[in-house]
Amino acid sequence: MNGEQYEFTYTDTGVYGHVVSLLKSQHLGEGVHLDLGCGFGAIAQHVRDMGLTYVGADLASPGREALTKRGFESHDIDLLDTESLYERLTEILGGRPLASMSVIDTLEHITTGPEVLSVLAEFARGLSGAPLVVSVPNVSHRDVALKLLVGRWDYTETGLLDRTHVVHHTESLLDSWMTAAGWREVGALDVRFANSDQYFPTDLVALNPSTLVGQALHTISERANANATVNQFVRAYLPGAARGQAWPSWARTPAPFLSVIMRTQGKRLETMRDALLCLLGQSDQDFELIVLPHKVTYEVQVKVERLVSDLPEALRERCRVLPVDHGGRTRPLNVGVQAAHGDYVAILDDDDLVLGHWVETFRRLAEAKPGRVLRCVAVEQDVAETTWAGDLVAHRTVSAVRKRFPSRFDLFAHLTENFSPPVSLAFPVSVFRDLGLSFDEDLNVLEDWDLLLRSALVCGVADDPQVTSVYRRWAVGEASHTLHSREEWKATEDAIIHRLDRHVHLLPPGSVSAIRRRSQSTALIGEPASPQLIDKYERDVAELRQALLTIERELHEVRVSRSWRITRPMRAVTGALRRNGRS
């Protein structure tokens, strides 16, 4: 091969057009544009049209020869020889002002990319901080990823998997290279293709979005990978301070097991104090606490911060207060997730209670089935606002605890109703950071149910039948069920289900049998046997058994009583008379 396969046509919407657009965005002055790894110099004429002096540099090749014949200056350069690169660049420039530089589709072909970028940063800093535009192929394109799932890695003459590539770039690797070399990004104009040159064969079921598995994989890819359809990264940089390593270490940094998110409006500081005391009593203290006062006044924020500052040092040093002054009631949850350092995230509202083994039980579930949503059981209790002596606004319980929520998680039951309040759940942080899920800030209600369903349909649920929390329902006082109408709740529920209906979903093991049982129960009793219905039947049976035991006990007491023994002859005579009467 002599390089002729890389003679590509300039288009405004392609890589070369995007490179020129980024150069124009930098408002360059007069001087030389140095195009390293220039090949055929596809941008040469357009750079000249910008009023710059185009200078190409590359190894000897048919491309460079063609560039020279077109009347453009070109020079020989070896980017593998980084020891003499600075000196060679100085020679090529020849004392002329440097306006800008570009490295287009070159870094993937050399093993000295980080070193070359470091030399270019040093060179640019010494010459008025000239910008650099870089373009590399994106190996994390969806087509490459989906084919790799089924064991295909198809090298081609050019394109994403050009057989001459020695480095395959993702956005994170490109960022590491650039920042470690001393470049900071100032512009991005990536080239996107929904179907890349790797979109073959078209009947590959994992690749084709018309198949169920293809549609599911496309959906996951779009959520998780912002660059799923990026064919080429095209970025502009200015020289700055070098930071980090070109080849970053992926060694795990110490992190707490759980990040506890507590949103508050500061209206129920008494219940918030109770919730904080519950955290102090946890048997497993491997957690951090993020308190999120939402749209509170300065006076209220001071009170919230005072509550936190009064905590013992062991917990206080693991607690952060992050005020949130914008967005609806869901916004603090997303802010908390973004700030979380833990492996899992749990929501503890400022009016709920958790038992001492709440964190411990979540950890045990996570160790048994890592990566799943963790679910324990919450009991429900009614509370009401009240006023004590001295006009002190407080609360009181107005009911015993109720075990309204099933002991085991049932996905199909949750599609009709939420049986898992937020305090009973912990989400793997990977759901947010790697799969791109978040709380829907357009929802005023049911935001927790929405995220639970979307998460459960991707990573599944690990459950434990233990009761670990008390979900307190406000019978008197402000709460979401009093602030929003039933019509709004129903409309939100319908919107959530409609959105789920647009996608293919994964079902956990046992789902086929569960669907069959529900179908059979519907045929027999006219309605699906949901956990709520099963619980009702179990309660009815338990009540009947208790009533039968009571009757049997009372009957036994009568039979052994003195009055029963005394009246035995009378009952015998009465019985004989009845028999004679019938005869």
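Above this text you will find the structure in question.
Worth saying up front: this structure is predicted, and the values here are computed from it rather than measured.

Here is what the cut-offs are and how they apply
- Residues numbered from 1 in each chain as written.
- Predicted model: local features only at pLDDT ≥ 70, side-chain atom pairs only at ≥ 80, totals over all residues.
- Heavy atoms only, no water.
- Buried < 20%, exposed > 50% of the residue type's maximum accessible area, 1.4 Å probe, protein only.
- Helix = DSSP H or I, 4+ residues; strand = E, 2+ residues; numbered from the N terminus.
- Arc of directions from axis to C-beta.
- Contact = heavy atoms within 4.5 Å.
- Phe/Tyr/Trp six-rings, centres within 6.5 Å; stacked < 30°, edge-to-face > 60°.
- Lys NZ or Arg CZ within 6 Å of the ring centre and 35° of its normal.
- Pairing = 2+ DSSP bridges.
- Right-handed = clockwise from strand over helix to strand, strands pointing away.
- Core = buried A, V, L, I, M, F, W, Y, C linked by side-chain atoms within 4.5 Å.
- Polar contact = N/O pair within 3.5 Å; in protein donor to acceptor, adjacent residues only side chain to side chain.

Because the α-helix completes a turn every 3.6 residues, residues three or four places apart line up on one side. Buried residues of helix 3 (residues 62-69): Gly63, Arg64 and Leu67, and no others. The buried residues of helix 3 all sit within an arc of 95 degrees when viewed along its axis, so they share a single face. Away from the buried face of helix 3 by more than 90 degrees, exposed residues Glu65 and Lys69 are located. The inward-facing, buried residues of helix 3 abut helix 2 (44-49), strand 2 (53-58) and strand 3 (73-76). Positive phi appears at Gly71, one or two residues downstream of helix 3, with a value of about 95 degrees.

In the structure shown here, the tally under the stated rule is ten aromatic pairs. Residues Phe405 and Tyr471 carry aromatic rings whose centres are separated by 6.3 Å and whose planes lie at 65 degrees to one another, so their mutual orientation is edge-to-face. Residue Phe405 is found in the loop between strand 15 (392-397) and helix 14 (411-414), and its partner Tyr471 is found in strand 17 (residues 461-476); the two are separated by 66 residues along the sequence. In textbook terms, an aromatic cluster arises when at least three aromatic residues are bridged by ring pairs, as seen for Phe427, Phe432 and Phe439. Arg268 extends its terminal NZ or CZ atom over the ring of Trp474, reaching a point 3.8 Å from the ring centre. Above the plane of the ring of Phe287 lies Arg318, whose end atom (NZ or CZ) is 4.8 Å from the centre.

For the rest of this paragraph, the subject is the pairing of strand 4 (residues 98-104). Summarising burial for strand 4: seven of the seven residues are buried, a large majority. Judged from the five bridges that link them, strand 1 (residues 32-36) and strand 4 form a sheet pairing that is parallel. What sits directly across from Leu36, in strand 4, is Val103. Of the strand pairs in this sheet, strand 4 and strand 5 (residues 132-137) are connected by four bridges, and their pairing is parallel. The residue of strand 5 that forms the bridge with Ile104 is Ser135. The β-α-β motif built from strand 4, the intervening helix 5 (residues 113-125) and the parallel element strand 5 has right-handed crossover chirality.

If you look at the biggest cluster of nonpolar residues, it comprises 42 residues, and the most contacted ones within it are Leu258, Leu279, Leu348, Trp358, Phe362 and Leu374. Among the elements that take part in this core, helix 9 (residues 269-280) stands out by supplying six residues, more than any other. Beyond its immediate sequence surroundings of up to four residues, Leu348 is in contact with Val260, Ile261, Met262, Arg263, Ala275, Leu279, Val354, Trp358 and Val423.

Along the polypeptide, Asp450 turns up in helix 16 (residues 447-459). Side chain to side chain, Asp450 and Arg454 meet in a polar contact 2.8 Å long. Residues contacting Asp450, with those up to four places away along its chain left out, are Asp440, Leu443, Ile496 and Arg499.

Okay, the environment of Ser407 next. Residue placement: Ser407 occurs in the loop between strand 15 and helix 14. Along the chain, Ser407 and Val467 lie 60 residues apart, while their C-alpha atoms are 8.3 Å from each other. Ignoring anything within four residues of it in the chain, the contact list for Ser407 reads Arg375, Val377, Asp464 and Pro465. A polar contact of 2.8 Å, which involves the side chain of Ser407, links it to the side chain of Lys403.

None of this, on its own, says anything about what the molecule does.
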